Amino acid sequence: MANQRAGNQTANTPDLSETELREMKVDDLRERARDEGVSGASSLRKEELVKAISEQHRKGRGGVSAKGSPNGSAAGEGDDAGGPGDAGPDGGRVRKGPDTSKSLKYSQEVRSPDDEPERSGRSLVTTSHEVIRQWAEARGGRPATVEGTEHGDHLGVLRFDFGDATPKLRPVTWEEWFATFDDRRLNFIYQEERSDGRQSTFFRLENPEREDA
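Below is a short write-up of the structure. Values in this document were obtained by computation on a predicted structure and should not be read as measured data. (Residues numbered from 1 in each chain as written. Predicted model: local features only at pLDDT ≥ 70, side-chain atom pairs only at ≥ 80, totals over all residues. Heavy atoms only, no water.)

### Comments concerning the environment of His129
Here's step 1: Checked against the element boundaries, His129 lands in helix H5 (residues 129–138).
Here's step 2: By relative accessible area, which is 5% here, His129 ends up buried.
Here's step 3: Put simply, His129 and Asp182 are 53 residues apart on the chain and 9.6 Å apart in space, counted from C-alpha to C-alpha. (Helix = DSSP H or I, 4+ residues; strand = E, 2+ residues; numbered from the N terminus. Buried < 20%, exposed > 50% of the residue type's maximum accessible area, 1.4 Å probe, protein only.)

### As for the environment of Pro171
Here's step 1: Structurally, the position occupied by Pro171 is in strand S5 (residues 169–171).
Here's step 2: The exposure class assigned to Pro171 is exposed, which follows from its relative accessible area of 65%.
Here's step 3: With 10 residues separating them along the chain, Pro171 and Asp161 place their C-alpha atoms 7.6 Å apart.
Here's step 4: For Pro171, the contacting residues outside a window of four places in its chain are Pro143 and Ala144. (Contact = heavy atoms within 4.5 Å.)

### Things to note about the sheet that holds strand S4 (residues 158–161)
Here's step 1: Sheet architecture is open: three strands sit in the order S4-S3-S5, paired in antiparallel fashion. The open sheet has two edge strands, S4 and S5, and neither has a second partner. For this sheet the average axis-to-axis angle between neighbouring strands, irrespective of direction, equals 50°.
Here's step 2: As defined by bridge partners, strand S3 (residues 142–146) adjoins S4 across four bridges and the pair is classed as antiparallel. Bridged to Pro143 within S4 is Phe160. (Pairing = 2+ DSSP bridges. Axes fitted to C-alpha atoms, helices over the stretch in contact; angles between N-to-C directions.)

Written out as structure tokens, the structure is:
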């Protein structure tokens, strides 16, 4: 017991103190949780984060995730790219370039689902897979591409199928969608709500170097 760090209530984790975890800010805890491979970190409260980090740290990659499923997957979710906790290669940050548009410059940057719009109708921008996926699925959207716009084996124009019988949309996996999104260095410009408070499905994909989205 003399060698155990004070406040460490998790067995088999002598290098991890729950007391120290509780002293961390929530944002820092979520970052630590993602590093440990905890799923759904953005939706967890502080004490849940502490427990999830401890559990995941103890069990390693083969452990139980924050949602209680093996191998770090949230319940009901597969290993498809863009799942909970996936901020993307740029951590949700805006991609910039010499031809960054005015609309991009005046949009509010969002890096996680916890970031709230400053007001209804506010133009938002992100590169976070987690934010984009949650936004689309909350509106019944599924990843898709426009048929006839492909470039060899590469996907063409990226879109979402909101179930309104839009012609020429071909369904793709989230993994394919996000791989193309990142390869083209796109930004996701969107709205959560219209100015009247109604849910918005507006979005636009833009490359700061003017590559066709």
